[in-house]
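Given next are the chains, with one letter for each unit.
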Amino acid sequence: MFTFLIAIALLIIGYYTYGKLIERIFGVKEARQTPAYSMKDGVDYIPMGTNRNSLIQLLNIAGVGPIFGPIMGALYGPVAFIWIVAGAIFAGAVHDYLTGMISIRNKGAHLPQLAGKFLGTGMKHIVNAVAVLLLLLVGTVFVTAPAGLLFSLMDGVIALGIITGAIFIYYIVATLLPVDKIIGRIYPILGALLLISAIGVGGMLIITGAPIPELTLQNMHPTGAAIFPLLMITIACGAISGFHATQSPIISRTLQNERNGRKVFYGMMIVEGIIAMIWAAAAMSLFYGQDLSELIATGGAGLVVSEVAFTLLGAIGGTLAVLGVIVLPITSGDTAFRSARMIIAEYINLPQIKILSRLWIAVPLFVISFILTNMDFTLLWRYFGVTNAAISAIALFVGAMYLAIQYKFHWVATIPATFMTMVALTFIFNAPIGFGLPMTTSYVAAAIGTVIILALFAYKLKLNRAEAEFKIDADEKKAA
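Conventions and cut-offs
- Residues numbered from 1 in each chain as written.
- Predicted model: local features only at pLDDT ≥ 70, side-chain atom pairs only at ≥ 80, totals over all residues.
- Heavy atoms only, no water.
- Axes fitted to C-alpha atoms, helices over the stretch in contact; angles between N-to-C directions.
- Helix = DSSP H or I, 4+ residues; strand = E, 2+ residues; numbered from the N terminus.
- Parallel < 35°, antiparallel > 145°, perpendicular 65-115°, else oblique.
- Left-handed = near helix turned anticlockwise from the far one by under 90°.
- Contact = heavy atoms within 4.5 Å.
- Nonpolar A, V, L, I, M, F, W, Y, C, P; charged D, E, K, R; others polar.
- 1 Å grid on protein atoms, 1.4 Å probe; cavity = no way out; pocket = protein on both sides within 12 Å on 5 of 7 lines; lining within 4 Å.
- Points joined across faces, edges and corners; volume = space filled by probe spheres on them.
- Core = buried A, V, L, I, M, F, W, Y, C linked by side-chain atoms within 4.5 Å.
- Buried < 20%, exposed > 50% of the residue type's maximum accessible area, 1.4 Å probe, protein only.
- Arc of directions from axis to C-beta.
- Polar contact = N/O pair within 3.5 Å; in protein donor to acceptor, adjacent residues only side chain to side chain.
- Patch = residues over 30% accessible without salt bridge, like charges linked within 9 Å, V, L, I, M, F, W, Y side chains within 5 Å.
- Areas by Shrake-Rupley, 256 points an atom, 1.4 Å probe, with all protein chains shown as cover.
- Salt bridge = Lys/Arg side-chain N within 4 Å of Asp/Glu carboxyl O.

Time to look at the packing of helix α6 (residues 79-105) against helix α11 (residues 227-234). Relative to each other, α6 and α11 sit at 60°, their axes nearing to 11 Å. When the axes of α6 and α11 are compared, the pair comes out oblique. Crossing hand, α6 versus α11: right-handed. For the pair formed by α6 and α11, the contact residues are Val79, Ala80 and Trp83 on the first element and Ile227, Leu231 and Met232 on the second. For the contact of α6 with α11, the class distribution of residues is six nonpolar, no polar and no charged.

Below is the structure:
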């Protein structure tokens, strides 16, 4: 298991090296007052401690992505380890850090507002629609997945519909109440359960000397599915996820100091990468190749979770591990709906201090989500995957623009933004839910589209720099 252990080590080293580099490039200002204090409202803007914020951020961004995604990605073989490590360090953690910190610098604004400010008004409207769609898909996926796991864990004693309804009720309450009433109180406890389950599975892999495959670039997927872009779409939250850009602003409104940003935003993405590594390794080790494919076909990634947990940890430990996995989607689903409420409220400029104002937005969201629960889970996951990739590219371009306007080293964001643009476009051109073109044609079309988007980015950067210089010049003349 040398590949597995080295990959875990690289993720930790990445936090202390590349994470510090990103922090230095961004330039934190410890003396600057954060929105948690300057805009404190007792609902969404509330100062909370760093450890508390870190666990909430981890649970917000994790979902079933770093578990279900890596399990399905394990079908490709150890090449999945490369994507998790490189994606988390150089793309995902950069993405999360920049969106969170730029949000802090802009009064806790969500991604649509940031896209409008840095990429143009038209992008604000596009990103608003896509972000709300993504959050609805996430919320729906994160209702059906934990409901199915709970239903299996209890051997069908309680009807699936009742479990689904109970999760929806919790989501409604968590979405409407102030962030510190439910989310701020129970998330640290649930976060501990999540970490214990991940450590338990990972620890038993090491203790039992599980035969985790060593590194190879060979594509081992039973159906021969292309590594690029399908692996990047499949393993999203464990490497990079646009969904995170909708979650980081929740914590940007509760962070006490900018210096805490690296631990909360960059660090928790690295932790998510480690969780993804553990579950990908467990799936490869216990159910390698065709066995894993058949298991997923029979009961989905949820069945693999149960088999891994009970095989490695026994009845009691396995139950706790499965509960830890169930915690993930539930604690991302509630904040997905919360983010959707906040994004729509920002877009229509509706203050959220009064609970009736929150209800006007939240109720229609839950009605639509309930209707979506009738869709096939696999189809939902595909739509979630491509929307997720597109949002991640947009969020990285926002970060790149923010740095580039100030003549800072923007390539740390521009390069992964370009890569994720290519991923999203290739999938859209090739997938049956997209244009269904041959893969070679899709590569060419995606490359052309990526070049056009980069040209538009360069043009917008030129305009933004000119506007910034004009403003500085006007301010200096006024001062004189």
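That was the structure; now back to the text.
This part takes up empty space enclosed by the protein. Rolling a probe over the atoms, with the probe sized like a water molecule, indicates the empty space that remains. Under the definition given, this model contains one cavity of 30 Å³ or more. Roughly 40 Å³ of volume is contained in the largest cavity. As for the largest cavity, its lining consists of Met232, Ile233, Ala236, Ile240, Ser241, Gly385, Asn388, Ala389 and Met420. Every element with two or more residues in the lining of the largest cavity is listed here: α11 and α16 (377-405). Taken together, the residues that form the lining of the largest cavity break down as six nonpolar, three polar and no charged.

Here we take up the layout of surface pockets. Put simply, the second largest pocket is a space of about 640 Å³. In this structure, the second largest pocket is lined by 22 residues; those nearest its centre are Lys117, Phe118, Ile405, Gln406 and Ala468. When residues in the lining of the second largest pocket are grouped by element, the largest group, eight residues, is from helix α18 (residues 439-479).

Remark: helix α9 (residues 160-176) packs on helix α15 (residues 355-372), axes separated minimally by 11 Å, with the N-to-C direction vectors making an angle of 155°. Judged by the angle between their axes, α9 and α15 are roughly antiparallel. Once α9 is placed against α15, the crossing between them reads as right-handed. Touching Phe168, Tyr171, Ile172, Thr175 and Leu176 of α9 are Arg358, Leu359, Ala362, Phe366, Ser369 and Phe370, all from α15. Looking at the contact of α9 with α15 residue by residue, the classes come out as eight nonpolar, two polar and one charged.

Quick look at the nonpolar core now. Core analysis: the biggest nonpolar cluster contains 155 residues, and Ile71 and Tyr266 have the highest contact counts within it. The greatest single-element share of this core, amounting to 23 residues, is contributed by helix α14 (residues 290-348). Excluding residues that lie within four positions of it along the chain, Tyr266 makes contacts with Gly14, Tyr15, Tyr18, Gly19, Ile22, Ile89, Ala93, Val94, Tyr97 and Gly261.

This paragraph deals with helix α2 (residues 18-26). Owing to its 3.6 residues per turn, the α-helix brings residues three or four apart onto one side. Taken together, the buried positions of α2 are Tyr18, Gly19, Ile22, Glu23, Ile25 and Phe26. What you see down the axis of α2 is that its buried residues fit within an arc of 160°, all on one side. Positive phi appears at Gly27, one or two residues downstream of α2, with a value of about 85°.

This paragraph deals with the environment of Ala86. As for its placement among the helices and strands, Ala86 is situated in helix α6. Along the sequence, Ala86 and Glu307 sit 221 residues apart, while their C-alpha atoms lie 28 Å from each other.

Turning next to the side chain of Thr99. Note on placement: Thr99 falls in helix α6. Owing to a relative accessible area of 4%, Thr99 belongs among the buried residues under this scheme. From its side chain, Thr99 meets the backbone oxygen of Asp96 in a polar contact 3.1 Å long. In this structure Thr99 touches Leu114, Ala245, Ser248 and Ala395, once residues within four positions along its chain are discounted.

This part covers a nonpolar patch on the surface. Nonpolar side chains collect at one region of the surface, where Ile355, Leu356, Leu359, Trp360, Val363, Val367, Phe370 and Ile371 lie side by side and expose about 820 Å² of accessible area between them. In this fold, Val367 is placed in helix α15.

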